[in-house]
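Remarks on the overall topology
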Amino acid sequence: MADIIQLLPDHVANQIAAGEVVQRPASVVKELIENAVDAGSNSIKLIIKDAGKTLIQVVDNGKGMSVTDARLSFERHATSKIKAAEDLFQLHTKGFRGEALASIAAIAHVEMNTRQEDDEVGTQLKIEGSKIVDQSVTVTPKGTSISVKNLFFNIPARRNFLKSDTVELRHIIDEFQRVALAHPDIQFDFYNNGSELFNLPASNLRQRIVHIFGGKTNEKLVPVEEDTEVVKLDGFICKPEFSKKTRGEQFFFVNNRFVKNSYLHHAVCAAFEGLIKEQTHPSYFLFLEVDPSGIDINIHPTKTEVKFDDEHALYAILRAAVKHSLGQFNVAPVLDFERDANLDTPYNYQSKNANFPTVEVDASFNPFENDNKGSVSVSYPKREKQTASWESLYVGLEKKSDFGAIELESEEVTGSLFSETQEEVTATTYQLHKKYIVTTIKSGMVIINQHRAHQRVLYEQYLKNITVDKGVSQQLLFPLTLSFSTTEIALLKDLKESLEHTGFLFSNFKNDEVEVSGIPLNVSESEVGIIIDQLLSDFQAEVPESSLSQADILAKAMCKTLAVKSGEVLNVASQEALVNNLFATKEPTVSPFNKPTYITMSVEEIDKRFL
């Protein structure tokens, strides 16, 4: 029988490996930026066009590569990071697999220009689908510039499954922010379609966080620091009042490498227990420095999963350190009801000695030693005694009244204030436990969930405003200024037109602030920030693909926030209006989130209960 096992060609193997390493344009950005960091760069530029589908370019000023290294870097399992298997337990670099460049070159058109500092000229390589089509000498600055064009050009199925430009750009920004936060000492620049999106100068960690997430972030940060034999921990957590409903600002870095770990995340949430609302997540930027031999990062090509030798010790240390910071900076409340907060000693002054006061006191001073010679006596006139007596009130009443001439009202009531035909008016609806509205129908009764019913009414109203009509807006006397991160500002700019159809008006967009000059009629000023925060979190979670789904998510986000909540008291007029509006909608049976809005009970069902 003929042999059937054969060795796959290199270009086929590279395409198979690319399926794990390069999942979307953001994966290419991550690999190229991490290579630039490993090259010792202090300035890195990222240039993106069409969310990475047309161009991804990373330019650094690192050590560069020689002609041989440039050619060899695109081979599988070719790396400068490790030389033996033992080196996996002493990793101090981002990459070590040697698969990234080979995988990227297998599914895109790649052009690389590189030069070492001591060389007069550099090397240019052009690769298409793992094939080197050109290698030449070029004039280029010190460092490396890699351009990735036409991603997935030879895998049309993978290219067709890419999301919209907005979604792919958001993933690229996420990867960019993770590397930028891990290395605040490196300058990062990010250009998207010719416009500057981020300009992050070299700074410390706090300034880097503020540059990425907006100026208002500085007041939210609480420092965390702990040094033990197991782990060295430092970074920042955000105050409990700034916790969010969605995960987005949770960052763990192990040896300056971003990782995802639900177990450590639970440790931070446990430290915040009792300080934040349910189903909300605290924000944190925590750096863990552990012995490289005690962790294993060779689990997945993305290198975002890490296995620790002693996770239980890390859990306890992390939870205790976060809890200590919350108490140390007076973020967590103290359970001492007799305590006067004004008498607390500041943390920085606890080790200092008290100074004696320098005020001089005159011991011989007596304020009651006076001379009475110059005193003036004051006399008040006496009040004259009233001469009129109480008997004068009854002068002229000696004559007896003749009660016989007075006509008394008869005891029998002969008339009625209301007409006999008037019937007693009764309400047609009733609110049950401040949650349900009960109303009658011919066959029995209907029990309506007021929160879901109002969601359905508002959802169809906002959806109509966005797609057909334009919502009415009320102008604000003083515009509201709301702070957001750069990513959220970019998302709001995409949603601006749809939001204006619902009644919102925006007068100015800045790098980290938005001015709201008009709001919908049934929205109060205090709800504007809540609505937009909910809207942004829903969009980041739902990932809309088209304008139709964008309008749908926008309408759902607004109706979820503005609908009448369970526990809210409604008067009879509001109850009747809600019932009438619900049955005037196109889909009164379910809420926008496919949950039933009401149930019916017939008279027969009620009768059976009494059998």
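As the structure is a prediction and not an experimental result, all values here were calculated from the model. Every chain is numbered on its own, with residues counted from 1 as its sequence reads. The predicted origin of the model limits local features to residues at a pLDDT of at least 70 and limits the giving and counting of side-chain atom pairs to 80 or more, whereas totals for whole chains, interfaces and linings rest on all residues. Just so you know, side-chain values use all the structure's heavy atoms and leave hydrogens and water out.

A few words on the packing of helix 6 (residues 165-182) against helix 7 (residues 205-213). Across the interface, helix 6 lies against helix 7 with an axial gap of 9 Å and an inter-helix angle of 160 degrees. When the interaxial angle is binned, helix 6 and helix 7 end up roughly antiparallel. In this structure, the crossing between helix 6 and helix 7 has a hand that is right-handed. Contacts from Gln-177, Ala-180 and Leu-181 of helix 6 reach helix 7 at Leu-205, Arg-208, Ile-209, Ile-212 and Phe-213. Of the residues assigned to the contact of helix 6 with helix 7, the class counts are six nonpolar, one polar and one charged. Interaxial angle, 0 to 180 degrees, is taken between N-to-C directions of lines fitted to C-alpha atoms, where a helix line uses only the stretch in contact. Helical segments are the DSSP runs of H or I of at least four residues, strand segments are the runs of E of at least two, and each set is numbered from the N terminus. An angle below 35 degrees is read as roughly parallel, one above 145 as roughly antiparallel, one from 65 to 115 as roughly perpendicular, and any other as oblique. Each crossing gets its handedness from the near helix: less than a right angle anticlockwise from the far helix is left-handed, clockwise is right-handed. Contact between two residues is taken to exist if any of their heavy atoms lie within 4.5 Å; hydrogens are not considered. Here the nonpolar group is Ala, Val, Leu, Ile, Met, Phe, Trp, Tyr, Cys and Pro; Asp, Glu, Lys and Arg are the charged ones; every other residue, Gly included, is treated as polar.

A separate point is the sheet that holds strand 21 (residues 513-520). If DSSP finds at least two bridges between two strands, the strands pair. Spatially, the three strands line up as an open sheet ordered 19-21-20, and their pairing is antiparallel. Both outer strands of the open sheet, strand 19 (473-483) and strand 20 (505-509), are each paired with one neighbouring strand and no more. If you compare each strand with its neighbour and ignore which way they point, the axes differ by 20 degrees on average. When strand 19 meets strand 21, the two strands line up antiparallel, connected through seven bridges. Across the sheet, the residue bridging to Leu-482 is Val-514, located in strand 21. Running at roughly 155 degrees to strand 20, helix 11 (residues 486-502) makes contact with strand 20 and strand 21 of the sheet.

On to the confidence of the model for the protein chain, then. Mean pLDDT for the protein chain: 79, with 78% of residues reaching 70 or above. Confidence per residue, as judged by the predictor, is encoded in pLDDT with a range of 0 to 100. By mean pLDDT, the top-scoring element of the protein chain is strand 2 (residues 55-60) (94), and the lowest-scoring one is helix 1 (residues 10-21) (65). The low-confidence segment residues 419-427, where pLDDT is below 50, has one contact with residues more than four positions distant or belonging to other chains.

Here the focus is a nonpolar patch on the surface. A cluster of nonpolar side chains, Val-121, Val-137 and Val-139, forms an exposed patch at the surface whose accessible area comes to about 320 Å². Tracing the sequence through the fold places Val-121 in the loop between strand 3 (109-115) and strand 4 (122-128). By definition, no residue in a patch forms a salt bridge, and every one has over 30% relative accessible area; like charges are joined within 9 Å, nonpolar side chains (Val, Leu, Ile, Met, Phe, Trp, Tyr) within 5 Å. The protein chains shown are the only cover counted for residues, whose accessible areas, like all others here, come from Shrake-Rupley with a 1.4 Å probe. Each salt bridge in this description consists of a side-chain nitrogen of Lys or Arg and a carboxyl oxygen of Asp or Glu lying within 4 Å of one another.

Turning next to the pattern of salt bridges. The full count for this structure, using the stated rule, is five salt bridges. In this structure, Lys-53 engages Asp-165 in a salt bridge whose closest nitrogen and oxygen atoms are separated by 3.0 Å. Here the residue Lys-53 occupies a position in the loop between strand 1 (43-49) and strand 2, and Asp-165 occupies one in helix 6, the gap between them amounting to 112 residues. Exposure classes here rest on a 1.4 Å probe applied to the protein chains alone. A residue is buried below 20% of its type maximum, exposed above 50%, and partly exposed in between. When its relative accessible area of 38% is taken as the criterion, Asp-165 is described as partly exposed. Among the ionic pairs, Arg-456 bridges to Glu-460, the shortest N-O distance being 3.0 Å. A residue pair is termed a helical-turn pair when its members lie 3 or 4 positions apart in one helix, as Arg-456 and Glu-460 do in helix 10 (residues 450-467) at four residues. Across the pair, Glu-460 and Arg-456 agree in class, each one buried.

Now for the packing of aromatic side chains. Two rings from Phe, Tyr or Trp (for Trp, the six-membered ring) form a pair when their centres sit within 6.5 Å of each other. Planes less than 30 degrees apart are called stacked, planes more than 60 degrees apart edge-to-face, and all others tilted. Using the criterion set out here, one finds 15 aromatic pairs in the structure. Residues Phe-176 and Phe-190 carry aromatic rings whose centres are separated by 5.0 Å and whose planes lie at 50 degrees to one another, so their mutual orientation is tilted. With Phe-176 in helix 6 and Phe-190 in strand 7 (residues 187-192), this pair connects stretches of sequence that are 14 residues apart. Looking at Phe-190, the relative accessible area reads 0%, which means it is buried. Aromatic ring contacts, followed pair by pair, group Phe-213, Phe-251, Phe-253, Phe-258, Phe-285 and Phe-287 into a single cluster.

Our next topic: unusual backbone geometry. A positive phi angle, near 60 degrees, is found at Phe-152, a position not held by glycine. Assignment of secondary structure puts Phe-152 in the loop between strand 6 (143-149) and helix 5 (156-160). Although it is not a glycine, Asn-256 sits at a positive phi angle of roughly 65 degrees.

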